[in-house]
Structures are given as C-alpha cells and as structure tokens.
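# Summary of the model geometry
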Amino acid sequence: MKIKDIQDQIVEEFDIFDSWMDKYEYLIELGKSVPVIDDSNKIEENIIKGCQSKVWLHAEKNNGLIEFYADSDAIITKGIVSLLIRTFSNQKPEDIINASLDFIDKIGLRQHLSPNRANGLNNMIKKIKFYAIAFSKTN
Amino acid sequence: MASIFKMNVLNNIESIRKEFPILNTTVNGNKLIYLDNAATSQTPNCVIDSISNYYKNLNSNIHRGVHTLSQLATEKYEDTRKKFKTHFNAKSSSEIIFTAGTTHSINLVSSGFNEFLSKEDEIIVSQLEHHSNIVPWQMLCEKTGAKMKVIPMNNNGELDLIAFSNLLSNKTKIVFVNHVSNALGTVNNIKEIIDKSHSVGAAVLIDGAQAVPHFRVDVTELDVDFYVCSAHKFCGPTGVGILYGKKEWLDKLPAYQGGGEMIDEVTFEKTTYSDLPNKFEAGTPNIAGVIASGIALDYINEIGLENIKEYEDYLLQYATDKLLEIDGLKIFGESINKTSVISFNIKDIHPYDIGSVIDNLGIAVRTGHHCAQPIMDFFKIPGTIRVSFCFYNTTDEIDTLVNALKKASTMLS
Ligand SMILES: Cc1ncc(COP(=O)(O)O)c(C=O)c1O
C-alpha cells in the first residue's frame with residue numbers, strides 16, 4: 001500500500017472514536033500488541049532525543065524497501081510509534097523522503113501532545129527521514 | 001484586595017477559590033484540577049490587579065526621576081523590600097535583593113564565589129537538589145578547580161547528616177541545600193546543616209523555593225548566609241525572585257552584572273559601585289512584578305501561614321491515605337516531615353502514560369524527573385508522577401484524582 005493510503009486508513013480508524021479517552025485506549029492497545037524491536041537494537045545510538053519517555057528506532061533495508069523497528073518504555077508513545085512504523089515500513093527510500101505526514105494532524109493527535117512529546121514526535125519523523133536519505137544512497 | 005483575615009482555610013475554601021480565576025477554567029472539557037503547585041502556584045485577583053494597576057497608574061522608572069510617578073513607583077518598590085525584610089526577619093532591608101527567580105539568585109551567589117575558591121577547596125551539595133542548585137555550582141567548579149561533594153540520602157528521601165558531618169572540613173567553603181525538596185517534599189533539617197557548616201567556617205546557601213509558600217522562614221534565627229526563593233511559587237508573578245544575604249557576605253561578594261542603577265560614579269578610568277542593595281540590581285528591574293510579589297506575600301500572610309500549613313497537612317494526609325488504596329501504588333519520599341507533595345508510580349506503568357491519560361480528564365500533575373535526576377537515579381526509576389497541593393485544593397479534587405488514576409491504571413495495565 002502507498003504511504004498516503006495507509007495514512008487515510010489510519011484516519012478512518014480513528015474516526016470511529018468520539019472521545020479522546022477512546023482514542024487513547026486504541027493507542028494503548030496498539031502499544032501493547034506490537035512487538036517492535038529486538039533488544040539487541042535497544043542501544044544508545046538508536047535512542048531518540050527530546051522524548052520524556054525513551055524511544056528507540058532502528059531501520060534495515062531489504063530488497064530496496066526500508067523496514068523500521070522501534071520501541072518505547074511508555075505505552076502511549078509506543079502506540080504512536082507503531083502508527084509511524086505502519087506508515088513508513090516496507091516503503092522505498094524515495095517515497096519516504098517525499099511523503100508528507102498528515103494523519104497526525106487529521107486525527108487530532110498533535111493537539112493532544114504536550115510540547116515535550118510533540119518535540120519528540122518531530123524528532124522521530126526526522127530520524128525516519130534521515131534513515132531514508134541514508135539508505136537512498138546505498139544499494 | 002480580598003479581605004480575608006486570619007481564619008481556618010477549610011471553612012473558607014469557597015471564598016478562597018473565588019479569588020483564583022483560573023480555577024474556573026476547563027481543560028479538555030473537564031473542570032481544571034490543578035495539582036502542579038510545586039512547579040508554579042496560581043495567581044489570586046489581588047496580585048493580577050496589582051500588576052494591572054501598576055501599568056494603569058504608576059508605570060515609570062524607579063530610583064531615577066524627580067517626577068511624582070517615579071517617586072511613587074520607587075516608594076512602592078522599596079516598601080516591598082521592607083515587607084520581605086519583615087517577613088524573613090532580616091536585620092536590614094538592604095539584605096533583600098530582588099532577582100528574576102531562584103535560579104537567578106543562585107547564579108548571582110555562585111558566580112561571586114569564583115573569587116573565593118581555589119582548587120584545594122571543596123563545596124557541598126545534597127543528593128536532593130533541583131538542577132538549578134547543582135549546575136551553577138558545577139560551572140563554578142569547572143572554573144576554579146574546586147571539588148563538589150554530595151550529601152547522600154536514605155530510602156525515605158531524607159539527608160544523611162552523619163555522612164554530611166564527615167564531608168565537612170576546613171576545606172569546605174560553601175554548602176548549598178534546599179530547605180524542601182521539590183521532587184519528594186522532604187523538609188530538611190537545615191538548622192543543623194547551617195550550624196555544622198559554620199563550625200568549620202563554611203558559608204551556607206539555602207534554596208527555599210519550596211519552603212516559603214508553606215511555612216514561615218526566619219533568616220536571623222536560622223543564622224543562614226544566603227536564602228533564595230521565587231515569587232511564582234507563593235501566588236506571585238513569574239520572573240521575580242528574592243535573595244536574602246547577610247550584609248557581611250553581600251558586601252564581600254563582587255557585583256554580578258554591570259549597568260545602570262548599580263553604580264556610584266562612572267568614568268572611563270574607574271567605576272565605583274553603589275551600596276547594597278543596588279549593587280546587585282543593575283538595570284531596570286521587574287518593578288510591576290516585584291510590587292505584585294509583595295501583594296502575594298500580604299495575601300498568604302492574611303490567610304496565615306499557620307492556617308495554610310494546617311490545611312495543607314490535612315490534604316497531604318488525606319491524599320496519602322487515598323492514594324495508597326490504589327493497587328500497586330508506591331510513594332517515593334516517605335519522610336515524616338514533608339510539605340504537601342506526593343511523588344509516586346503505579347506498578348511499572350510509565351509516569352508519562354498516566355500523566356497523559358489524566359490530563360485528558362482535566363487533571364494537571366507533573367511527570368518526569370522534576371529537574372532532579374540524581375533523585376531518580378537513586379531510586380532507579382525514569383521519573384514519577386508528582387501531585388503537589390496548595391491551600392485552594394480540596395478533598396473533592398483528591399477524590400477525582402484517585403478515581404482518574406484508577407481508571408488510568410486499568411487502561412494501562
Ligand atoms: C527547589 C527548587 N529550586 C529551584 C527552582 C527553580 O526556580 P525558578 O525556576 O523559579 O528559578 C525550583 C523550581 O522548580 C525548585 O523547586
């Protein structure tokens with residue numbers, strides 16, 4: 001699926017919920033159910049700065065597509081991270097570099113993030129794009 | 001201004017709450033429950049009115065003009081200094097310096113100590129400190145080569161004063177400790193720390209940011225050398241701090257910033273500095289804020305610090321009992337001598353997750369390391385949830401908090 005279609009799908013899923021408590025409940029479910037990163041990749045270099053909770057992000061390239069793996073010690077953060085991974089994993093580096101991320105605003109998540117966490121989220125997105133740029137230069 | 005006289009807080013809680021407009025706002029569709037008072041307390045009408053009144057009727061520069069407004073503003077500003085002198089029982093008003101906050105006050109003193117330290121010297125901090133009472137001194141150590149020693153704490157979050165005695169020696173030049181820990185609420189036995197430090201000739205700075213809002217501080221009785229605090233923690237505006245310093249020390253301490261107001265005579269060859277307190281108040285100060293801080297001080301004194309303490313102790317006990325009913329809740333900082341601060345975690349749920357969920361329910365708490373990472377390292381946790389009460393909080397609010405925490409815990413377990 002294309003990045004844009006995945007984002008539309010996420011927005012649709014979140015549309016079902018009326019209240020933010022329900023949306024959080026869903027994020028928590030996502031956070032609990034997604035096994036995201038191997039412990040051997042939970043290393044200092046993979047930690048994303050600017051998050052109040054710890055977030056690790058690791059990427060690999062297979063057959064021209066990038067796969068992301070991540071984790072967080074906070075479940076809601078992990079739920080958010082899992083949405084990012086769902087959006088960007090198994091995509092071509094160029095598509096990731098050129099993608100514009102709109103589901104976060106569309107589901108109203110950004111207003112519900114404290115500036116601290118929003119900052120962390122921006123750093124996650126930066127790191128994802130950074131991996132894509134780095135991998136676009138390798139075969 | 002509110003005409004509340006000495007009274008029991010509980011019987012007047014509704015009229016007190018009416019003085020704080022922000023308590024009627026809603027957050028995410030829920031009535032705000034503000035339990036982050038250790039970070040910043042809310043502002044009563046009399047303080048807000050004082051700021052607005054200043055700009056409507058008094059605004060002018062102080063200490064400089066012959067004109068009436070300037071003189072009126074100067075008078076109010078200097079009257080405020082007298083209020084703090086009286087409140088803290090300082091010997092003279094010139095021992096009260098207005099700064100931008102606790103952090104600024106500490107930096108003013110620590111940078112002055114640059115002149116008094118060499119690399120053989122030692123300075124002593126405690127494990128319970130806010131980063132603003134650690135980092136300026138680390139910077140001082142880097143400049144001077146002096147060494148920093150740390151007073152350890154026990155599992156209850158209390159300082160080990162026997163270990164402290166062993167750290168003291170004639171190499172010790174200054175000891176800096178908070179009166180009350182912002183992260184745990186522990187009230188430290190600063191009198192003992194001050195007396196022991198003086199016995200080896202060391203100066204003492206006490207960070208009173210978390211003490212001044214909750215009980216009366218007498219700097220003469222304490223015999224402390226420097227005592228610092230921030231107005232925004234006792235219902236005053238942000239950006240105003242108070243530095244009390246003993247005259248002998250303030251005379252010795254070099255000026256911190258150069259500029260207008262702090263000089264006696266300026267020529268390009270040499271400038272001589274003015275006397276205390278102006279020596280440390282270069283430039284135009286936060287005049288409106290300082291005057292409003294004096295109004296905030298009047299306000300808490302009208303309610304009465306004894307009444308405030310009695311009521312806050314009651315809230316602390318009530319909340320501690322209720323919180324401990326929550327399955328898997330652990331409190332960090334269990335000294336019997338505490339202000340109305342409770343730091344805790346529930347099971348192994350990340351404090352940030354709980355903070356996010358209950359924020360949705362309109363409840364403001366602090367999560368994280370509370371600018372006191374060494375404390376979190378001691379307990380080997382990433383952070384805590386911290387609730388901190390002010391005299392306008394209620395047991396109903398605590399009940400709502402407890403229900404919200406139970407809900408969050410179920411969602412997140
Ligand atoms: C114990 C303590 N010291 C210092 C500070 C810093 O105060 P300010 O930010 O007003 O300079 C705080 C504020 O959180 C505090 O609680």
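Residues numbered from 1 in each chain as written. Chains lettered and ligands numbered in written order. Predicted model: local features only at pLDDT ≥ 70, side-chain atom pairs only at ≥ 80, totals over all residues. Heavy atoms only, no water.

This part covers the overall build of chain B. A count of helical and extended segments in chain B gives 14 helices and 17 strands. Taken over C-alpha atoms, the radius of gyration comes to 22 Å for chain B, in line with the 22 Å a tight globule of 413 residues would show. With respect to the three principal axes, the spread of C-alpha positions in chain B is 70 × 55 × 35 Å. Out of the 413 residues belonging to chain B, those deemed buried represent 57%. Total accessible area on chain B is roughly 16,600 Å²; 51% of this is exposed by carbon and sulfur atoms. The average position of the 37 basic charges and that of the 48 acidic charges among the side chains of chain B differ by 1 Å. (Helix = DSSP H or I, 4+ residues; strand = E, 2+ residues; numbered from the N terminus. Rg over C-alpha atoms; globule rule 2.2 N^0.38 Å. Buried < 20%, exposed > 50% of the residue type's maximum accessible area, 1.4 Å probe, protein only. Areas by Shrake-Rupley, 256 points an atom, 1.4 Å probe, with all protein chains shown as cover. Lys, Arg positive; Asp, Glu negative; His and termini not counted. Charge placed at Lys NZ, Arg CZ, Asp CG, Glu CD.)

Turning to the side chain of Thr80 of chain B, a few remarks are in order. Take Thr80 of chain B: it is sitting in helix α3 (residues 68-88). Residues contacting Thr80 of chain B, with those up to four places away along its chain left out, are Phe98, Val290, Ile291 and Gly294 of chain B. (Contact = heavy atoms within 4.5 Å.)

A few words now on the interface of chain A and chain B. Interface size is commonly expressed as the accessible surface area that is lost when the partners come together. Taken together, the contact pairs 17 residues of chain A with 14 residues of chain B. Note on chain A versus chain B: buried area summed over both sides is about 1,400 Å², and carbon and sulfur give 57% of it. In this structure, the connection of chain A to chain B is made through 0 salt bridges. Counting across the interface, chain A meets chain B through 5 residue pairs in polar contact (both at pLDDT 80 or more). In terms of residue count, the dominant contributor to the side of chain A that touches chain B is helix α2 (residues 20-33) of chain A (6 residues). In the side of chain A that touches chain B, the residues fall into 7 nonpolar, 6 polar and 4 charged. (Buried area = accessible area lost by both parts, 1.4 Å probe. Salt bridge = Lys/Arg side-chain N within 4 Å of Asp/Glu carboxyl O. Polar contact = N/O pair within 3.5 Å; in protein donor to acceptor, adjacent residues only side chain to side chain. Nonpolar A, V, L, I, M, F, W, Y, C, P; charged D, E, K, R; others polar.)

All names here are of chain B. Assigned domains within chain B: domain 1 (4-39 + 304-412) and domain 2 (48-301). Taken over C-alpha atoms, the centre of domain 1 sits 28 Å from the centre of domain 2. If you look at the interface, domain 1 gives 37 residues, while domain 2 gives 33 residues. Between domain 1 and domain 2 the total buried area reaches about 2,800 Å² when both faces are included, carbon and sulfur atoms providing 58% of it. The interface formed by domain 1 and domain 2 includes 0 salt bridges. Inspection of the region where domain 1 meets domain 2 yields 17 residue pairs in polar contact (both at pLDDT 80 or more). When contributions to the side of domain 1 that touches domain 2 are tallied by element, the ones reaching two or more residues are α11 (305-324), β14 (341-346) and α13 (373-379). The leading source of residues in the side of domain 1 that touches domain 2 is α13, at 6 residues. Here the side of domain 1 that touches domain 2 is composed, by residue class, of 20 nonpolar, 10 polar and 7 charged. (Domains from an automatic or database assignment.)

Bringing the pairing of strand β7 (residues 172-178) of chain B into the picture now. All names here are of chain B. Where burial is concerned, most of β7 is hidden: 6 out of the 7 residues are buried. The sheet contact formed by strand β5 (residues 122-126) and β7 spans 4 bridges and is parallel. Considered in β7, the bridge of Val125 is made with Phe176. In the classification by handedness, the crossover that spans β7, the intervening helix α7 (residues 190-199) and the parallel strand β8 (residues 203-207) is right-handed. (Pairing = 2+ DSSP bridges. Right-handed = clockwise from strand over helix to strand, strands pointing away.)

All names here are of chain B. In the region of the ligand, the neighbouring residues are Thr102, Thr103, His130, Ser132, Asn182, Asp207, Ala209, Gln210, Ser230, His232 and Lys233. Here an oxygen atom of the ligand sits 2.5 Å away from a polar atom, N or O, in the side chain of Thr103. Between Ser230 and the ligand, the recorded distance is 2.7 Å, taken from a side-chain N or O atom to an oxygen atom. When the ligand is considered free in solution it has 400 Å² of accessible area, and contact with the protein chains removes 85% of it. Of the residues assigned to the shell around the ligand, the class counts are 1 nonpolar, 8 polar and 2 charged. (Near = heavy atom within 4 Å.)

On to the pattern of salt bridges, then. For the structure shown, the criterion picks out 20 salt bridges over all chains. Here Asp71 of chain A and Lys42 of chain A are joined by a salt bridge, their closest N and O atoms 2.9 Å apart. In this pair, Asp71 of chain A is assigned in strand β2 (residues 65-72) and Lys42 of chain A in the loop between α2 and β1 (55-62), connecting sequence segments 29 residues apart. Classification of Lys42 of chain A as partly exposed rests on a relative accessible area of 29%. Note that Arg81 of chain B and Glu78 of chain B form a salt bridge whose closest N and O atoms lie 2.8 Å from each other. Highlighted residues: Arg81 of chain B and Glu78 of chain B, both in helix α3, separated by 3 residues, approximately one helical turn. Salt bridges sharing common partners tie together Asp39, Lys42, Asp71 and Lys78 of chain A.

Residue and element names in this part refer to chain B. It is the contact of α3 with helix α10 (residues 287-303), at a shortest axis distance of 9 Å, that shows an interaxial angle of 40 degrees. Considered as vectors, α3 and α10 are oriented oblique to each other. Crossing of α3 against α10: the hand is left-handed. On α10, the residues that touch Ala73, Lys76, Tyr77, Thr80, Lys83, Phe84 and His87 of α3 are Ile287, Val290, Ile291, Ser293, Gly294, Ile295, Leu297, Asp298 and Asn301. (Axes fitted to C-alpha atoms, helices over the stretch in contact; angles between N-to-C directions. Parallel < 35°, antiparallel > 145°, perpendicular 65-115°, else oblique. Left-handed = near helix turned anticlockwise from the far one by under 90°.)

Of all hydrophobic cores here, the largest spans 149 residues; its most connected members are Phe68 of chain A together with Tyr227, Phe234, Phe344, Phe391 and Leu412 of chain B. The element contributing the most residues to this core is α10 of chain B, with 11 residues. Discounting residues that sit within four places of it in the chain, Leu412 of chain B has contacts with Ile28, Lys32, Ile75 and Ile76 of chain A together with Ile349, Asp353, Ile354 and Val357 of chain B. By size, the runner-up hydrophobic cluster in this structure holds 25 residues, among which are Ile106, Leu108, Ala146 and Phe280 of chain B. (Core = buried A, V, L, I, M, F, W, Y, C linked by side-chain atoms within 4.5 Å.)

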